[in-house]
Number of protein chains: 4
Amino acid sequence: MDHDGPDFVWEQVAADLRADIESGALAPGVRLPSESALASIYGVARGTIGRALLKLKEDGLVVTRFGRGTFVART
Amino acid sequence: MDHDGPDFVWEQVAADLRADIESGALAPGVRLPSESALASIYGVARGTIGRALLKLKEDGLVVTRFGRGTFVART
Amino acid sequence: MDHDGPDFVWEQVAADLRADIESGALAPGVRLPSESALASIYGVARGTIGRALLKLKEDGLVVTRFGRGTFVART
Amino acid sequence: MDHDGPDFVWEQVAADLRADIESGALAPGVRLPSESALASIYGVARGTIGRALLKLKEDGLVVTRFGRGTFVART
DNA sequence: GTGGTCTAGACCACT
DNA sequence: GTGGTCTAGACCACC
């Protein structure tokens, strides 16, 4: 198999979470699992999850409340 | 109406909670409402709740875990 | 662009209260709002307020009387 | 009966670790277990361990290297 | 994978 | 009704 360019793990995680949000499986206002939990679920390192969530934050799909968790954006 | 002796509010609260525990309305292992919440529910001061719970602790009906809450004893 | 170092929430709260004290908006001997009230005002957790007040105590700007409240120091 | 003052959990943890250091069970330069591990060992919350270690740092018994761990001081 | 900071809410000692 | 201490668990910066 081949691919046209860089194919980072965090991008795959971000795409997967984005699909869950856009499909409504993760509804607005819902809290995502913790970064540690997501790391276990996806079988990747915690920093990888952080990078994926950063992308979703930049895209306005999730918001993070310090010390509380990361939530699906309400807009 | 009359009564035969001292009739403290905390005793009434303790008796009420004891009834809930013995009837099973408050099952073993269940966490009681916080002292603040109980104070609102019974319409009494917080210290009164504390005195009532102290009695239940002495009687072994509840146990308190510091910083967590007060729970119905599992005996 | 750069900055002078970490910029913690409790430091911002401490700086804000310090400014109110030094400007005289909070006069010597005056009682500060309770930690719970300050937590609501600043929109932070009570522990964060406690951390900020601890700094002001170390700096001698406020004194705390157990069970009474926190007061602006008189010197 | 009397006692010499408040007897907080973090003080007990600090005293226990101090004893291990002074007895040589924890030798200079050795890395202590992580705060999470100590929390499990002592059966307390991580914040309580942090409070105990803060005291030991103030007393110069341990030093902490950010992101590496906490070590028994060499002097 | 560590320590640092923060949230939220509990009980407790004291006034 | 105050501040003090503690629990549990979150995200973050750094190594």
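Residues numbered from 1 in each chain as written. Chains lettered and ligands numbered in written order. Predicted model: local features only at pLDDT ≥ 70, side-chain atom pairs only at ≥ 80, totals over all residues. Heavy atoms only, no water.

By the naming in an unreviewed UniProt entry, chain A is HTH gntR-type domain-containing protein, taken from Prauserella flavalba.

1. Some remarks on the pairing of strand β1 (residues 62-65) of chain D
Walk down a regular strand and you will see the side chains alternate between the two sheet faces. All names here are of chain D. Rules: By definition, two strands form a pair when at least two bridges between them are found by DSSP. Numbering of helices and strands runs from the N terminus, with a helix taken as a DSSP run of H or I at least four residues long and a strand as a DSSP run of E at least two residues long.
With 4 bridges connecting them, β1 and strand β2 (residues 69-72) associate as antiparallel partners. By the bridge assignment for β2, V63 is matched with F71. Taking the residues between adjacent antiparallel strands as the criterion, β1 and β2 are bridged by 3 residues, where G67 takes a positive phi near 75°.

2. What about the packing of helix α2 (residues 35-42) of chain D against helix α3 (residues 46-58) of chain D?
Residues and elements named next belong to chain D. Definition in use: Angles run from 0 to 180 degrees between N-to-C directions of axes, and those axes are lines fitted to C-alpha atoms, restricted for helices to the stretch in contact. Each angle receives one of four descriptions, namely roughly parallel if under 35 degrees, roughly antiparallel if over 145, roughly perpendicular if within 65 to 115, and oblique otherwise. Should any heavy atoms of two residues lie within 4.5 Å, those residues are counted as being in contact. Any residue outside Ala, Val, Leu, Ile, Met, Phe, Trp, Tyr, Cys, Pro, Asp, Glu, Lys and Arg is labelled polar, Gly included; the first ten of those are nonpolar and the last four are charged.
Where α2 meets α3, the closest approach of the two axes is 8 Å, and the angle between their N-to-C directions is 105°. The angle between α2 and α3 falls in the class roughly perpendicular. Where α2 abuts α3, its residues E35, S36, L38, A39 and Y42 lie against R46, I49, G50 and L53. Taken together, the residues of the contact of α2 with α3 sort by class into 5 nonpolar, 2 polar and 2 charged.

3. Thoughts on the layout of surface pockets
Quick reminder of the rule: In this analysis, the protein atoms alone were mapped onto a 1 Å grid. Cavities are point sets where a 1.4 Å probe fits without being able to get out; pockets are open sets with protein on both sides within 12 Å along at least five of seven lines; lining residues have an atom within 4 Å of a point. Grid points are joined across faces, edges and corners, and a volume is the space filled by probe spheres set on the points.
Estimated volume of the largest pocket: approximately 1,300 Å³. Around the largest pocket, the lining is made up of 30 residues, and of these C:G47, C:T48, C:R51, D:G47 and D:R51 lie nearest the centre. Among the elements of the structure, α1 (9-23) and α3 (46-58) of chain C together with α1 (9-23) and α3 of chain D are those that each provide at least two residues to the lining of the largest pocket. Of all the elements, α3(C) adds the most residues to the lining of the largest pocket, at 8 residues. The residue inventory of the lining of the largest pocket, partitioned by class, reads 14 nonpolar, 8 polar and 8 charged.

4. A look at the protein's contact with DNA strand E
Operational definition: To be near a molecule or strand, a residue needs just one of its heavy atoms within 4 Å of it. Here a polar contact means two N or O atoms within 3.5 Å. Within protein one must be a hydrogen donor candidate and the other an acceptor candidate, and residues neighboring in sequence count only if both atoms are side-chain atoms.
Within the structure, DNA strand E sits among 33 residues, and A:R68, C:V9, C:W10, C:T48 and D:R46 are positioned closest to it. For DNA strand E, the backbone makes up 78% of the atoms found within 4 Å of the protein, where backbone means sugar plus phosphate. The contact in question runs from a phosphate oxygen of DNA strand E to an N or O atom on the backbone of B:E35, over 3.0 Å. D:K57 has a polar side-chain atom sitting 3.3 Å from a phosphate oxygen of DNA strand E. Those elements that place two or more of their residues in the surface near DNA strand E are α3 (46-58) and β2 (69-72) of chain B, α1 and α3 of chain C together with α3 and β2 of chain D. Taken together, the residues that form the surface near DNA strand E break down as 9 nonpolar, 13 polar and 11 charged.

5. Quick word on the protein's contact with DNA strand F
Lining the immediate surroundings of DNA strand F are 33 residues, of which B:R68, C:R46, D:V9, D:W10 and D:T48 lie closest. Sugar and phosphate atoms constitute 77% of the interface atoms of DNA strand F, taking the interface as everything within 4 Å of the protein. Residue D:R51 places a side-chain N or O atom 3.3 Å away from a phosphate oxygen belonging to DNA strand F. Those elements that provide at least two residues to the surface near DNA strand F are α3 (46-58) and β2 (69-72) of chain A, α3 and β2 (69-72) of chain C together with α1 and α3 of chain D.

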